[in-house]
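One-letter residues, chain by chain:
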Number of protein chains: 2
Amino acid sequence: MTEKTYHHGDLKNALIQAGIEILAKEGVAGLTLRKVARRAGVSHSAPYAHFPDKQSLIAAISTEGFNQLYTLLDAAILANTADPRQQLIAGTRAYTQFAIDHTDTFKIMFSSALEKEKEYPAFVEISQKTFERVVDVVRACQSAGVIRPGSPELLAVTIWGQVHGIISLALEGQIPHLVLGEHSIQEIVSFALGQMLQSQ
Amino acid sequence: MTEKTYHHGDLKNALIQAGIEILAKEGVAGLTLRKVARRAGVSHSAPYAHFPDKQSLIAAISTEGFNQLYTLLDAAILANTADPRQQLIAGTRAYTQFAIDHTDTFKIMFSSALEKEKEYPAFVEISQKTFERVVDVVRACQSAGVIRPGSPELLAVTIWGQVHGIISLALEGQIPHLVLGEHSIQEIVSFALGQMLQSQ
DNA sequence: ACCTGAACACCGTTCAAGT
DNA sequence: ACCTGAACACCGTTCAAGT
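Not measured: the values here are computed from a predicted model.

## Things to note about the protein's contact with DNA strand C
Okay, so step 1: What surrounds DNA strand C is a group of 20 residues, the closest being Arg34(A), Lys54(A), Ser43(B), Ser45(B) and His50(B).
Okay, so step 2: When the atoms of DNA strand C within 4 Å of the protein are sorted by group, sugar and phosphate make up 52%.
Okay, so step 3: A distance of 2.6 Å separates a phosphate oxygen of DNA strand C from a polar backbone atom of Ser43(B).
Okay, so step 4: Broken down by element, the residue count for the surface near DNA strand C peaks at 4 residues, all from helix α2 (residues 33-40) of chain A.
Okay, so step 5: Of the residues belonging to the surface near DNA strand C, the class tally is 7 nonpolar, 8 polar and 5 charged.

Laid out in structure tokens, this is it:
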């Protein structure tokens, strides 16, 4: 069967993977179209056969990152179907761990590096799907009396925002040593989440 | 008296101002050392007499942004000395409004654009000073029974993180239309803050 | 001390050309 | 359809030179 045309059967995905690897090793500032092409073993103009511009590659990398995040989140939620409160706690832990393990992918997913995310349907879709998953858990928590009544979407934004904000501040080195010296990021996030849940 | 040597008496500050203006007009992606120099009316290598590299200019711009933010925050707090709860609400509103009014300055202050913030003492100082101001208000709220007892630093991280996270998600277009269609950012932040305060 | 202009390595993007 | 290589405009940074 057709082994490979030039270098890959699927250069598009090879480029996305190369991008994620560069992100992990050299950070956001090191992510260059030409480097990505080099790492994938093609000329610097080859990527343009698959992505109209650098923004599009970043969108594809972010989308892949969101897919991984969704998978982890979903697994954490499914592992705790008996207890909505535990679903929220485990989901939050998974989200936080993803940010710690894939710092620069996380940063690029939520950084202004991607300027017009609305132009990338796959990105919008998985990001909405992820949010919906959070809303589901919030609803379950409300039914169980763990979260107060009210718009589950608004409450989800509130909870997601808090978790996301603490992680962001931590990744940017904005959390004072006084606090980070005594608590891990996971502990701080967990403490914050605890505050939002009904105490009984 | 010495009017000006070449172009300015103070090219350093002129460059910082030019940077902030470019940020406001062209966004983070448009911020280029060469553009900053052009706007300040000097050659593209002139900035190197005042900043060792682009990172340093970004640090200076971020520091200036933090100074402005601190001023607004401080004013909001001082305008409500009688009521700690109102201090927190007004401070949060000022923080949020700064992010809305100076989106790209805000982004660069907290984005990974500044990679080694610890290397810039002025930046670290004003950022710590800002955090301390929040801690002060949290303490006052605790004394007034508006915030539960516990480490004021940890609680400050929690509150700041939530406000910061909601703003960040909003600026990145990550808050679903379903929610943003019904509430302004100020309303969402205000709702979230209300959740964190004791209801009496 | 402060600024200029040429130079270098690197980048994103385009395009004619090859298979 | 997929890829290459030359070309262009732009960038960050360096450095010898000017005042």
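After that view of the structure, there is still more to cover.
## Concerning the interface of chain B and chain A
Okay, so step 1: Contacts between chain B and chain A engage 41 residues on the former and 41 residues on the latter.
Okay, so step 2: Between chain B and chain A, the buried area comes to about 3500 Å², and carbon and sulfur atoms account for 65% of it.
Okay, so step 3: Interface area lost by chain B to chain A is led by Leu154(B), Gln174(B) and Gln195(B), which between them contribute 18%.
Okay, so step 4: Remark: the boundary between chain B and chain A carries 0 salt bridges.
Okay, so step 5: Looking at the side of chain B that touches chain A, the elements with two or more residues in it are α5 (103-110), α6 (121-143), α7 (152-171), α8 (177-180) and α9 (185-196) of chain B.
Okay, so step 6: No other element matches α7(B), which puts 12 residues into the side of chain B that touches chain A.
Okay, so step 7: Classifying every residue of the side of chain B that touches chain A by side-chain character gives 20 nonpolar, 14 polar and 7 charged.

Calculation rules
Residues numbered from 1 in each chain as written. Chains lettered and ligands numbered in written order. Predicted model: local features only at pLDDT ≥ 70, side-chain atom pairs only at ≥ 80, totals over all residues. Heavy atoms only, no water. Near = heavy atom within 4 Å. Polar contact = N/O pair within 3.5 Å; in protein donor to acceptor, adjacent residues only side chain to side chain. Helix = DSSP H or I, 4+ residues; strand = E, 2+ residues; numbered from the N terminus. Nonpolar A, V, L, I, M, F, W, Y, C, P; charged D, E, K, R; others polar. Contact = heavy atoms within 4.5 Å. Buried area = accessible area lost by both parts, 1.4 Å probe. Salt bridge = Lys/Arg side-chain N within 4 Å of Asp/Glu carboxyl O.

Worth remembering: the numbers are spatial, not functional.
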